[in-house]
Amino acid sequence: MTDIVHAFADEVVTHAYTKLVSVPGLDGQIALVTLDNGFDHTKPNSFGPKGLAEFDKALDDAFAANPVAVAVTGKPFIFAAGADLKGVPAITEREQGVQLGRLGHKVFRRLRESSVPTFAFVNGVALGGGLEVALHSQYRTVADNVAAVGLPEVFLGLVPGWGGTQLLPNIVGPSKAVTVFVENTLNNNRMLNGKKAADLGVFDQLFGSADFLEQSLAWAAQVVKGEITVERPTFDAKEWDDAIGRAKAIVEGKTRGYSPAAVKAIELLELARNTDLSDAKSLDVGFQAEDDALADLLMTDELRAGLYSFDLVNKRAKRPAGAPDKSLARKVTGVGIVGAGLMASQLALLFVRQLKVPVIITDIDQERVDKGVKYVHDEIDKLQGKGRLSPDAANRLKALVRGSLDKAAFADTDWVIEAVFENMDVKKQVFAEVEEHVSPETILATNTSSLSITEMAADLKHPERVVGFHFFNPVAVLPLLEVIKGEKTDDATLATAFATAKALKKSAVGSADKAGFVFNRLVTRTLGEVMSAVDEGTPFDVADNAVAPLGMPMTPFTLLALVGPAIALHTGETLHAAYPERFKPSPGLEAIVEARKPGVWTYGADGKQTVDPEVAELWTQGDNPSTAEQVLERTQRAFAEEIKIMLDEGVVAAPEDIDLCLILGGGFAFWNGGITPYLDREGVSEAVNGKRFLEPGVASVK
């Protein structure tokens, strides 16, 4: 075990403390093991080699005390958040991964194979290895305030490696297990709360948080005395067949088979159908398979890229590069929104919910204004209906939102954001009108997706208070917010923009004022290559599916339909004007926009996707088709070239910010690390630019 301990030299050790607890009416005592790393809830318990060894010793102490039962619980608000992954970069040999897997299995299975009843009292976050501790326990309770329960390993590029793939399907059923460790993880790492996990059967009992431990101990006493018997379900062959088929469909749809972890998870699920939880030898087979899978995946570039992605989202996104000192930020006590369309209305809802300040909506006529206000009020009512807002809270929020035809209503606002038609003249006129009614320090923010902030501010009396504040649609879902500094944007304005982004619970990435900024510039370049291939004669389906290895969450033409061909064309025209040699107009796209077609694909009653015959007629194609491999190569090279140019231009501070934008703004795959680790891994970065974007080992094994 020495090798693996050395790899985890910086482990924050989770200690395990054993004490004997007497429960009224129970002859004998329960040995209660508490997991606690000595920090508060902001640093969750996790398991590295030393922590596992401490847990093992605590179990020795527990069983040696001859208790009537053994129970495990966590520190306040935290049960355990899984394996300590900080040591993964130091793992250089597959055998180290095998050691780590075996150690976890050796310790945790003691709970399952105990001759006295064992319990997990899950009082807080239980993820990965933490949940696996509970699954190994013979009985499980959970508090009703637990916010996060899950097996997120596939999301990161691993599999549940300490029993999860074998135990969970045989405890809750294969279909529910697929939901937990395949479907949820591939849907942006969706978590269960305590109640939902209990409803799925992960836990035997749900108790209130106020006296959770007392209730859990009392319930455990009833189990020990035989007053309560917990029935365990069985699952037939059809349930297994259906679940495995569903898992394969989810993995194919979400990853196209390019995530090694997702593929391996299905293999382990298939093995679990033959695992007998009451037979140690059967468990040996399943656990050995988990050890091998863990060891193999630990040595993949995809896992290292996944951990790099996780670090970007959880650390870099919280400390945006280029943000001025936060002490310069001004307080926002009132917000004005110019526009009452869908995007503007979504912004109004976000601002009022998160900032809880007055929000005023304007537009060109009363009907539009009323519609915008009604949208916000209706969405607040929906939240109340779902129990996410109390009636009082809903009424307070609705009272903060009002409409006006007169921009003079913005007089007392600190922040005005426009979300009108993507046209420079229109936006300049809007800001000129607003400037007449607001104080010199009121920030003027634009939600433009591609237009110049500097030009937009050029004719204003105070251009220094104009900033780009580019949201992604749908606003409530996508976490990315691009903050764009114009030529004259001052530090106070920029600091306020970053602080406001944080208050809105968005992840801000700073961008220089270059056409298309970050996300749209890169995706438009890629989409342009795909459309050019179609213009040249490549079949639509070949071009559309060729770029699956890039890790985009949807195909280019599916994205085109979501964004809208007209918007895509407008963005493309803006970028063509700025960079004519790299952003080429597509005659086919122009034709379908002119014909007002919503996209390329049409869908039959059976859901089958085919090219819309009218689009096929409108889209004139050449006679020089490309293969899928050729389309992929040209898009890879386009990405590598454009990213290098953007870095040279100083659009963002580092490649990490490019990756962060693609992950948060477009759901690019964690296992690719966004895009630059993938380009490095495929050798494209060096082929195009002569060097990698990232140093070896940053998001790769070596």
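Every chain begins its residue count from 1, and numbering advances along the sequence as written. Note on the predicted model: pLDDT of at least 70 is required for a residue's local features to be given, and 80 or more for side-chain atom pairs to be given and counted; whole-chain, interface and lining totals, by contrast, use all residues. Side-chain metrics rest on all non-hydrogen atoms present in the structure, leaving aside hydrogens and water.

1. A closer look at the overall build of the protein
To keep it simple, the criterion reads: A helix here means a DSSP run of H or I that spans at least four residues, while a strand means a run of E at least two residues long, and both kinds are numbered starting from the N terminus. Both definitions apply: the radius of gyration is a C-alpha atom measure, and the globule rule equals 2.2 Å times residues to the power 0.38. Throughout, the Shrake-Rupley method with a 1.4 Å probe supplies accessible areas, and for residues the shown protein chains are the sole cover considered. When charges are tallied, Lys and Arg are placed among the positive residues and Asp and Glu among the negative ones, while His and the ends of the chain are skipped. Charge positions come from single atoms, namely NZ of Lys, CZ of Arg, CG of Asp or CD of Glu.
A count of helical and extended segments in the protein gives 29 helices and 19 strands. Whereas a compact globule of 702 residues would reach a radius of gyration of roughly 27 Å, the protein reaches 28 Å, a difference of no more than 12%. Seen through its C-alpha atoms, the protein measures out along the principal axes to roughly 80 × 60 × 50 Å. Accessible area for the protein stands at about 29,000 Å²; split by element, carbon and sulfur atoms hold 51% of it. Of the charged side chains in the protein, 71 are positive and 95 negative; the average position of the first set lies 4 Å away from that of the second.

2. Re the pairing of strand β13 (residues 415-418)
Which entries qualify depends on this criterion: In this scheme, a residue with accessible area under 20% of its type's maximum is buried, one over 50% is exposed, and one in between is partly exposed, where area comes from a 1.4 Å probe on protein chains only. For two strands to be treated as a pair, DSSP must find at least two bridges joining them.
Where burial is concerned, the two faces of β13 agree: the one with Trp415 and Ile417 and the one with Val416 and Glu418 are both buried. Two strands pair when backbone bridges link them, and strand β10 (residues 335-338) and β13 are joined in this way by four bridges, in the parallel orientation. Pairing of Val335 across the sheet is with Trp415, part of β13. Looking at chain direction, β13 and strand β14 (residues 443-446) are connected through four bridges and run parallel. The partner of Trp415 across the bridge, within β14, is Ile443.

3. Some points on the side chain of Thr118
Operational definition: For this analysis, a polar contact is any N or O atom pair within 3.5 Å, provided that within protein one partner can donate a hydrogen and the other can accept it, and provided that sequence-adjacent residues contribute only side-chain to side-chain pairs. The contact criterion used throughout is that any non-hydrogen atoms of two residues lie within 4.5 Å.
Within the secondary structure, Thr118 is located in strand β5 (residues 118-122). The exposure class of Thr118 is buried, given its relative accessible area of 0%. Only 2.7 Å separates the side chain of Thr118 from the backbone oxygen of Leu111, close enough to count as a polar contact. The residues touching Thr118, leaving out its near neighbours within four places in the chain, are Val70, Leu111, Ser137, Gln138 and Tyr139.

4. Regarding a nonpolar patch on the surface
Here is the rule: By definition, no residue in a patch forms a salt bridge, and every one has over 30% relative accessible area; like charges are joined within 9 Å, nonpolar side chains (Val, Leu, Ile, Met, Phe, Trp, Tyr) within 5 Å. Any carboxyl oxygen of Asp or Glu that lies within 4 Å of a side-chain nitrogen of Lys or Arg is treated as forming a salt bridge with it.
Together, Leu562, Val563 and Ile567 give the surface a local cluster of nonpolar side chains, amounting to about 280 Å² of exposed area. Mapped onto the fold, Ile567 is located in helix α23 (residues 565-578).

5. A few points about the environment of Ala126
Tracing the chain through its elements places Ala126 in strand β6 (residues 125-127). Taking the C-alpha atoms as reference points, Ala126 and Asn193, separated by 67 residues in sequence, lie 9.7 Å from one another. If we skip the residues at most four places from it in the chain, Ala126 touches Phe79, Ala80, Leu131, Ala148, Val149 and Gly150.

6. Digging into the packing of helix α14 (residues 342-355) against helix α15 (residues 366-385)
When two helices pack together, their arrangement is given by the angle between the helix axes and by the axis-to-axis distance. Rules: Here an angle of 0 to 180 degrees is reported between the N-to-C directions of two axes, which are lines fitted to C-alpha atoms, with helices fitted over the stretch in contact. Relative orientations are named as follows: roughly parallel for angles under 35 degrees, roughly antiparallel for angles over 145 degrees, roughly perpendicular for angles from 65 to 115 degrees, and oblique for any other angle. We call a crossing left-handed when the near helix sits turned anticlockwise from the far one by less than a right angle, and right-handed when that turn is clockwise. Here the nonpolar group is Ala, Val, Leu, Ile, Met, Phe, Trp, Tyr, Cys and Pro; Asp, Glu, Lys and Arg are the charged ones; every other residue, Gly included, is treated as polar.
Direction vectors running N to C along α14 and α15 enclose 50°, while the axes themselves pass 9 Å from each other. Between α14 and α15, the angle is such that the two are oblique. α15 is crossed by α14, and the crossing has right-handed handedness. Between α14, through Leu342, Ser345, Gln346, Ala348, Leu349, Val352 and Arg353, and α15, the contact on the second element is made entirely by Gly372, Tyr375, Val376, Glu379, Ile380 and Leu383. The class makeup of the residues in the contact of α14 with α15 is eight nonpolar, three polar and two charged.

7. Examining the sheet that holds strand β1 (residues 15-22)
To summarise the sheet geometry, strands pair through backbone hydrogen bonds and adopt either a parallel or an antiparallel arrangement. Taken in spatial order, the six strands of this open sheet run β1-β2-β3-β5-β7-β9, and their pairing is mixed. Of all the strands in the sheet, just β1 and β9 (205-207) have a single pairing partner and so form its edges. Here the strands of the sheet are splayed against their neighbours by 20° on average, with no regard to which way each runs. Across four bridges, the pairing between strand β3 (residues 69-74) and β5 is parallel. The residue of β5 that forms the bridge with Ala71 is Phe119.

8. What to know about the environment of Leu347
By the element assignment, Leu347 lies in helix α14. Owing to a relative accessible area of 0%, Leu347 belongs among the buried residues under this scheme. Once you skip the residues sitting within four places of it in the chain, Leu347 turns out to touch Ile337, Ile417, Ala419, Asn447, Phe471 and Val475.

9. Here's the deal with the layout of surface pockets
Using the following cut-off: Cavities and pockets are found on a 1 Å grid laid over the protein atoms alone: a cavity is a set of points where a 1.4 Å probe fits but cannot escape, a pocket is an open set with protein on both sides within 12 Å along at least five of seven lines, and a lining residue has an atom within 4 Å of such a point. Grid points are joined across faces, edges and corners, and a volume is the space filled by probe spheres set on the points.
Here the second largest pocket is characterised by a volume of approximately 330 Å³. Contributions of two or more residues to the lining of the second largest pocket are made by β7 (139-143) and α6 (164-172).

10. A few points about the nonpolar core
Filter applied, for reference: To qualify as a nonpolar core, a set must consist of buried Ala, Val, Leu, Ile, Met, Phe, Trp, Tyr and Cys residues joined through side-chain atoms within 4.5 Å.
Judged by nonpolar contacts, the single largest core of 95 residues is most densely connected at Phe47, Phe55, Leu168, Val202 and Phe203. In terms of residue count, helix α11 (residues 260-272) provides more of this core than any other element does, seven residues in total. Discounting residues that sit within four places of it in the chain, Leu168 has contacts with Leu135, Leu151, Gly173, Ala177, Val180, Phe181 and Val202. Formed by 58 residues, the second largest nonpolar core is a distinct cluster that contains Leu522, Ile643, Leu662 and Tyr678.

11. Describing the environment of Pro539
Along the polypeptide, Pro539 turns up in the loop between α20 (519-536) and α21 (540-546). Once the C-alpha coordinates of Pro539 and Val98 are considered, the two residues, 441 residues apart in sequence, prove to be 46 Å apart.

12. Some points on the packing of aromatic side chains
Where we set the bar: Ring pairs shown here join Phe, Tyr and Trp side chains whose ring centres sit within 6.5 Å, with only the six-membered ring taken for Trp; geometry is labelled stacked below 30 degrees between planes, edge-to-face above 60, and tilted in between.
If you walk through the whole model with that rule in mind, you get 21 aromatic pairs. Note on Phe472 and Phe519: the rings are 5.2 Å apart at their centroids and 85° apart in plane angle, and the pair reads as edge-to-face. Highlighted residues: Phe472 in the loop between β15 (466-471) and β16 (480-485) and Phe519 in helix α20, separated in sequence by 47 residues. Geometrically, the ring pair formed by Tyr579 and Phe583 is tilted, given 6.1 Å between the ring centres and 40° between the ring planes. In terms of burial, Tyr579 and Phe583 fall into one category: buried. Through pairs of rings, three or more aromatic residues link up here, namely Phe47, Phe55, Phe108 and Trp162.

13. A few points about the packing of helix α3 (residues 94-112) against helix α4 (residues 129-136)
At a minimum axis separation of 7 Å, α3 and α4 run at an interaxial angle of 35°. When α3 is examined against α4, the residues Phe108, Arg109, Leu111 and Arg112 are found in contact with a partner set consisting of Gly129, Glu132, Val133, Leu135 and His136.

14. Considerations on the pattern of salt bridges
Close approach of charged atoms allows side chains with opposite charge to pair. Evaluated as defined, the whole model comprises 42 salt bridges. For Asp365, the salt bridge goes to Arg368, with nearest N and O atoms at 2.4 Å. Judged by its relative accessible area of 41%, Arg368 is partly exposed. Close ionic contact of Asp378 with Lys374 constitutes a salt bridge, the shortest N to O distance being 2.7 Å. Taken together, the residues span about one helical turn, with Asp378 and Lys374 both in helix α15 at a distance of four residues. Accessibility expressed as a relative area gives 30% for Asp378, which makes it partly exposed. Judged by its relative accessible area of 52%, Lys374 is exposed.

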